[in-house]
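Residue-level structural notes
Take a look at the letters that make up each chain.
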Amino acid sequence: MNEFIQHTINGLALGSIYALVALGYTMVFGVLQLINFAHGDIFMVGSFIGLYFIRFAIPNAEPSIFTAIMVLIAAMVGSAIVGVIIEKFAYRPLRKAPRINILITAIGVSLLLEYGGQLVFGASPQFFPDILPRKLIDIGGDIILDSNQLTIFVMSFVLMQILSFLVFKTQFGRSMRAISHSLETANLIGINVNKVILITFIIGSALAGAAGVLYGVAYPKIDPLLGLLPGLKAFIAAVLGGIGNITGAVIGAIILGLSETYVAGYISSTYRDALAFVILIIVLLVRPGGLLGSKKIEKV
Amino acid sequence: MIMKSFLLSVLVILSACQNKANDKIVIGNFGSLTGAEATFGISTKQGIELAIEEWNKAGGVLGKQIELKAYDNQGKPEEARLSVEKLINVDNVVAVLGEVASTRSLAAAPVAQQYKVPMISPSSTNPLVTQKGDYIFRVCFIDPFQGEVMAKFAFNSLKLKKGAILRDSKSDYSMGLANYFIKTFEALGGTIVADEKFVSGDVDFKAQLTSIKNKSPEFIFVPGYYTEVGLIARQAREAGVKVPLMGGDGWDSDKLTEIGGAAVEGSYFSNHYTVEDPRPEVQNFIANYKTKFGTMPDALAASGYDAARVLLEAIKRANSIEGQKLRDSIAATKDFQGATGIITINEQRDATKSAVVLKVVGKAFKFVESVKP
Amino acid sequence: MGKINKTFLLFALLFVVAVCLNFIMGGFNFNLAALFYEKPGRFTGLISPYYYSVLILLGINIILSVSLMLLNGLTGLFTMGHAGFMAIGAYCSASVVSFLLPDAPFVVQLLAGSLSAGLAAGLVGFLIGTSCLRLAGDYLGMVTLGFGEIIRIVFLNIDAVGGARGMTDIPVYMNLGSVFLLTIIIILVIKRISNGRLGRAMLAIKENEMAANMMGINPLNIKVKAFVISSFMAGIAGSFFAHSEGYISTQTFTFAKSFEVIAMNVVGGLGSLSGAIMGAGILTVLPEALRKVQDITGLDIRMVIYALTMVLIMILRPQGLMGNREWKWLSSK
């Protein structure tokens, strides 16, 4: 029983990491219907910006909530800028092109950030210093709860709430949803499509930046390819929950994290990576459109 | 405008790419300089560069300067094979140094064998690699030897009887090392209570570690690279696993203690050499590497350095760069004073050298014992 | 985008073209040199073995690219798991030939290898195709990506085919001539399919599935057929790959390989057979040609340029280099 609780805690923590990445993924998809493969790499850039910020701006900072917030803001601003550049130079010229072109561009941008990252940051992994005061809490029966896990778990839900509010309760969110419905119509009724999409990218990238820093907090080893696997898993999580659906992304991510942990813990760790895909396939075959997704079937 | 810029770029490239007649001795290196395993390929290349620079400063070999041609393969076997084809057929290298990963060495070795160009692998540990032909050599341990060293160390020296394994199912090195470790450890009378796997690139090992913890082993053997081991150690301690971790030469890097912090304290791993070794080869290597690249060398850099030096030494002894003579000369390497130990190439074209077992103490790796082959 | 920007982009693109040209010329330079002096133990022939190997890889990539074109470009089914089919073909053919027919004559090996590879991949393609029929768009892409990765992970954990170490000592019987010939045959087969009844039905489904259905085309039937043919050919490509490399490991068949094949299609022009061939040509030669840039700069910017080129082509020519057009010898008229 204790082992089960421990696995559950670990699975929830892993799931909330996926959730942080999945939120940005799902938001950009929701508006642009674009699988932004570069999202995982913006996430990577975010954690490196965080790292360099700590190294050069606040080299002697003690781990505290204040430090963490500073690093978070720096990473969010930095990643947002990267996101804007990508949107302006890579995605915007392709607004009217078939979606598969934008997809290939996204893959190209993703490769560019990965290989560029290896040139700029170096290929070897780097240590991400502690920025949050950390505590391991033994909650009885040899079950250990890490305060960082708790922070990330809470953060993912807070961000989900903020995003939901933004999308469903604000004027900007209304424009976003209009564009997601039909870009042309939105344009016709006077929505500044480019501006809304740009802001969507800013928010999505800032989210990725925040996720990057929190990732560094949870797994203090970062390298230029770190976005690849979480990016893919987060994307699966987003599809699982119904891509474009904010709550769905978080639920999908938590399901993915939990099942990966249970399978690795109880059955076999050999096929852990295959599991994510198996779940994805089963869910999509039974319920195309994801758990919370609409039934609308789209074409590339 | 279009025409102009086109012609211009053609000119620029043509002028830059002219194949110069070479009065230098060209050595080839292929490795994963980009992609997921870039850090290993780059370390190896830096080790090779250092060796060549030292030799060039001392006047080169056979009266000529030495030039290194290094090609990237992105960690893909088919590109490894292509780049060796290119090194041999286009760049006319006298010998090829490479690959870290046995998979890529296995893909490329038949090419080197076909054209009878000697190939020395710095750190491919799978026994199969040098069986690809009589032109294929290596300067590192093979998996069976290292696995045995650690199994005997755990059983005899530390008197531990119950072990757990956490290995990388994507890495041939990790799988092989674990297999030989288990074989020896069980033959000695020990038991393996858990055998868990991860995939290189993973960052979350808590599920595996929680299962391992509940089997209460006396140690965990983690054959893998420093890139993962630091995190594994951290998460093991956080999960409440207090037993020592053990590993192989893939652990040897500054990054291990940088990422692992206090969590790797008290762990053991086998390695080629120890920084405490007073031999000038070791001390010079470490000092020069630090000056040139600003970091401590890892095991891969040391192996690359030695592979290059074994080769250059062999060229000097053979007094020729002709394939057959060079091959014989490399095969005759005996008691070579390398940074990674005293290397003798045996009949299987593998290096025989002793291994050392090191213990992580603070930021340093302390010598525990030395094991002869 | 301003005028200056475009000129700059054009310049960058032409730079890449020039690098490729230089690469091709480099091959001839070397050959000329080889005619005049000889080095012991090295190849002295008309084509340097290195270029020979690149050309073989090119042939295999062309097969992959045109087979994906059938699914992706013609039928409009977006799939991201082509590397998986290739892996099945490679492992199946390698096992059949090296375990069952290690000493058989070349023709028997070639037939048994390619056919078993094609059939195995085709069978898996059939299973995946039938189970994914309800899905469309990105969801289909995701599921096929998932299948591709699952296939790779399964092979990674089978010890009989080498596991993480990879499979060694596969009989090498493919050479440039046979790859070249078979590639041409496959291109012609695809041309026939795409210009024939089946191809038109596929196109109809891509343009408007409901209308196609009203015309009496059974979309499910056609889609499954597209899946089977495409995966059959990808399997054959895998078989050729295994028997020209002599060594396979799962490191080759990652989803990056699938993306690469999609990129070949899109760069060349989605839906154009000539484009698929051209895209395969560019994306195979470019990384090798860029090694020279690496030589000059001493930095590993090869892949950075590769990625940039991909993005630039997409921005400058969103319809791909060939668009919808075909070369004369491949056009339907």
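Note that this is a predicted model, so its numbers are computed, not measured. Each chain carries its own residue numbering, running from 1 in the written order of its sequence. Lettering of chains starts at A and numbering of ligands starts at 1, both following the order in which they are written. Residue-level local features of this predicted model are given only where pLDDT is at least 70; pairs of side-chain atoms are given and counted only at 80 or more, and the full residue set underlies all totals for whole chains, interfaces and linings.

1. Some points on the overall build of chain C
Helix numbers and strand numbers start at the N terminus; a helix is a DSSP run of H or I with at least 4 residues, a strand a run of E with at least 2. Summing up its helical and strand segments, chain C has 13 helices and zero strands in all. Ordered by position from N to C terminus, the α and β elements of chain C give α-α-α-α-α-α-α-α-α-α-α-α-α. The buried share of chain C, taken over its 333 residues, is 56%. Each residue is classified by how many other C-beta atoms fall within 10 Å of its C-beta atom, where C-beta atoms are placed from the backbone; a count of 20 or more means buried, 12 or fewer means exposed, and values in between mean partly exposed.

2. Some details on the overall build of chain A
When you go through chain A residue by residue, the secondary structure sums to 11 helices and four strands. By principal-axis analysis of the C-alpha atoms, chain A measures approximately 60 × 50 × 35 Å. Note on contacts: residues are paired as contacts if their backbone-placed C-beta atoms lie within 7 Å. The contacts in chain A between residues at least 6 apart in sequence include a share of 77% that link residues at least 24 apart.

3. Structural notes on the interface of chain C and chain A
Taken together, the contacts link 35 residues of chain C with 33 residues of chain A. Broken down by secondary-structure element, the contributors of at least two residues to the side of chain C that touches chain A are helix 5 (137–156), helix 10 (255–268) and helix 13 (302–316) of chain C. Per-element accounting of the side of chain C that touches chain A gives the leading share, 10 residues, to helix 5 of chain C. When grouped by side-chain class, the residues that make up the side of chain C that touches chain A number 26 nonpolar, five polar and four charged. Under the scheme applied here, ten amino acids are nonpolar (Ala, Val, Leu, Ile, Met, Phe, Trp, Tyr, Cys and Pro), four are charged (Asp, Glu, Lys and Arg), and all others, including Gly, are polar.

4. Here we look at helix 3 (residues 77–89) of chain B
If you check helix 3 of chain B, its first and last C-alpha atoms are 18 Å apart, about what 13 residues at 1.5 Å a residue would give, namely 18 Å. For helix 3 of chain B, a buried count of 13 out of 13 residues is recorded, marking the element as mostly surrounded by other parts of the structure. What a helix should span is 1.5 Å times the count of its residues minus one.

5. Details of the sheet that holds strand 3 (residues 95–98) of chain B
All names here are of chain B. Strands were regarded as paired on the criterion that DSSP finds at least two bridges between them. Strand order in the open sheet made by the five strands is 2-1-3-4-5, with parallel pairing throughout. Taken across any chain shown, the strands that pair with only one partner, and hence form the sheet edges, are strand 2 (66–72) and strand 5 (136–138). Neighbouring strand axes in the sheet, compared pairwise and without regard to direction, differ in orientation by 25 degrees on average. Where strand 4 (residues 119–121) and strand 5 come together, three bridges link them in parallel fashion. Note on strand 5: the bridge partner recorded for Met119 is Ile136. Axes here refer to lines fitted to C-alpha atoms; in helices the fit is confined to the stretch in contact. Angles between the N-to-C directions go from 0 to 180 degrees.

6. A word on the confidence of the model for chain C
All names here are of chain C. Confidence in the prediction for chain C averages 83 pLDDT; 85% of positions are at 70 or higher. The least confident element of chain C, judged by mean pLDDT, is helix 1 (residues 3–36) at 56; the most confident is helix 3 (residues 82–100) at 94. Of the regions scoring below 50 in pLDDT, residues 29–44 engages in 18 contacts with residues more than four places distant in sequence or in other chains. Interface confidence in the predicted complex, given as ipTM, is 0.87; pTM for the same model is 0.88. The score called pLDDT rates the predictor's confidence residue by residue, from a low of 0 to a high of 100.

7. Topic: the sheet that holds strand 8 (residues 219–221) of chain B
Note on sheets: strands pair through backbone hydrogen bonds, and any given pair is parallel or antiparallel. Residues and elements named next belong to chain B. Judged by pairing direction, the sheet is mixed, and its seven strands sit side by side in the order 7-6-8-9-10-14-15 without closing on themselves. For this open sheet the edge positions go to strand 7 (191–198) and strand 15 (364–371), each flanked by a neighbour on one side alone. Along the sheet, successive strands turn relative to each other by an average axial angle of 25 degrees, direction set aside. The pairing of strand 6 (residues 162–168) with strand 8 spans three bridges and is classified as parallel. In the sheet register, Ala164 faces strand 8, and the bridge partner there is Ile220. Sitting on the sheet, helix 8 (residues 226–238) is in contact with strand 6, strand 8 and strand 9 (245–247), with an inclination near 165 degrees to strand 9.

8. Brief notes about the packing of helix 1 (residues 2–32) of chain A against helix 9 (residues 228–241) of chain A
Residues and elements named next belong to chain A. Running from N to C, helix 1 and helix 9 point in directions that differ by 65 degrees, and their axes come no closer than 8 Å. Judged on the interaxial angle alone, helix 9 and helix 1 are roughly perpendicular. Viewed along their axes, helix 1 and helix 9 form a crossing whose handedness is right-handed. Facing Ile17, Tyr18, Ala19, Val21, Ala22, Tyr25, Thr26 and Phe29 of helix 1, the residues of helix 9 in contact are Pro230, Gly231, Lys233, Ala234, Phe235, Ala237 and Ala238. Of the residues in the contact of helix 1 with helix 9, the class split is 12 nonpolar, two polar and one charged. An angle counts as roughly parallel when it lies under 35 degrees, as roughly antiparallel when it exceeds 145, as roughly perpendicular when it falls between 65 and 115, and as oblique in every other case. Should the near helix be turned counterclockwise from the far one by less than a right angle, the crossing is left-handed, whereas a clockwise turn marks it as right-handed.

9. So, the nonpolar core
By definition, a nonpolar core groups buried Ala, Val, Leu, Ile, Met, Phe, Trp, Tyr and Cys residues that are joined through C-beta atoms within 7 Å. Ranked by internal contacts, the top residues of the largest apolar core, which has 323 residues, are Ala22, Leu23, Ala237 and Leu280 of chain A together with Ala95, Ala112 and Leu311 of chain B. Formed jointly, this core draws a minimum of three residues from each of two domains, domain 1 (23–141 + 279–353) and domain 2 (143–271) of chain B. Apart from residues no more than four positions distant in its own chain, Ala95 of chain B is found in contact with Ile27, Val117, Pro118, Met119, Ile120, Leu311 and Leu326 of chain B. Domain start and stop points were drawn from an automatic or database domain assignment.

10. Some thoughts on the pairing of strand 12 (residues 341–345) of chain B
Side-chain positions along a regular strand alternate between the two faces of the sheet. All names here are of chain B. Strand direction decides the pairing type here: strand 11 (residues 336–338) and strand 12, joined by three bridges, are antiparallel. Along strand 12, the bridge assignment pairs Gln337 with Ile342. In this structure, the hairpin formed by strand 11 and strand 12 is closed by a connection of two residues. Pairing between strand 12 and strand 13 (residues 351–352): two bridges, direction antiparallel. Pairing of Thr344 across the sheet is with Thr352, part of strand 13.

11. Focus: the packing of helix 3 (residues 65–91) of chain A against helix 4 (residues 99–121) of chain A
Residue and element names in this part refer to chain A. Close contact between helix 3 and helix 4 brings their axes to 11 Å; oriented N to C, the two are set at 130 degrees. In terms of their interaxial angle, helix 3 and helix 4 are classed as oblique. The two elements helix 3 and helix 4 cross, and the hand of that crossing is right-handed. In this structure, helix 3 contributes Ile86, Ala90 and Tyr91 to the contact, and helix 4 contributes Ile102, Thr105 and Val109. Of the residues assigned to the contact of helix 3 with helix 4, the class counts are five nonpolar, one polar and no charged.

12. Focus: the confidence of the model for chain A
Scored by pLDDT, chain A comes out at a mean of 87, with 98% of its residues at no less than 70. Helix 2 (residues 39–57) of chain A holds the highest mean pLDDT among the elements of chain A, 93, whereas strand 2 (residues 136–138) of chain A holds the lowest, 81.

13. Examining the pairing of strand 7 of chain B
Here strand 6 of chain B pairs with strand 7 of chain B via seven bridges, running parallel. Residue pairing for strand 7 of chain B: Lys162 of chain B is matched across the bridge by Thr191 of chain B.

14. Description of unusual backbone geometry
All names here are of chain B. In this model, Asn319 sits at a positive phi of 55 degrees, which is unusual for a non-glycine residue. Mapped onto the elements, Asn319 comes out in the loop between helix 11 (299–318) and helix 12 (323–331). We classify Asn319 as exposed; it has 11 C-beta atoms within 10 Å. Backbone geometry at Arg349 places phi at a positive 65 degrees, although glycine is not the residue there. Along the chain, Arg349 turns up in the loop between strand 12 and strand 13.

15. A short note on the environment of Asn72 of chain C
All names here are of chain C. With respect to the helices and strands, Asn72 occurs in helix 2 (residues 49–74). Taking C-alpha positions, Asn72 is 19 Å from Phe253, a pair spaced 181 residues apart along the chain. Once residues lying within four places of it in the same chain are set aside, the contact partners of Asn72 are Leu77, Phe78, Thr79, Ile262, Asn265 and Leu270.

16. Section: the environment of Asn179 of chain B
Residue and element names in this part refer to chain B. Mapped onto the fold, Asn179 is located in helix 6 (residues 172–188). Exposure remark for Asn179: the 16 C-beta atoms within 10 Å place this residue in the partly exposed category. Along the primary structure Asn179 and Leu166 are separated by 13 residues, whereas in three dimensions their C-alpha atoms are 11 Å apart.

17. Here we look at helix 8 (residues 193–218) of chain A
In a regular helix each residue adds 1.5 Å, so 26 residues correspond to 38 Å; helix 8 of chain A covers 37 Å between its end C-alpha atoms and thus fits that length. Within helix 8 of chain A, 20 of the 26 residues are buried, leaving the element largely enclosed by the surrounding structure.

18. Quick look at the environment of Asn195 of chain C
All names here are of chain C. By the element assignment, Asn195 lies in helix 6 (residues 176–195). Take Asn195: there are 16 C-beta atoms within 10 Å of it, and that puts it in the partly exposed class. Each C-alpha atom, one on Asn195 and one on Leu330, is 9.7 Å from the other, the two residues being 135 residues apart in sequence.

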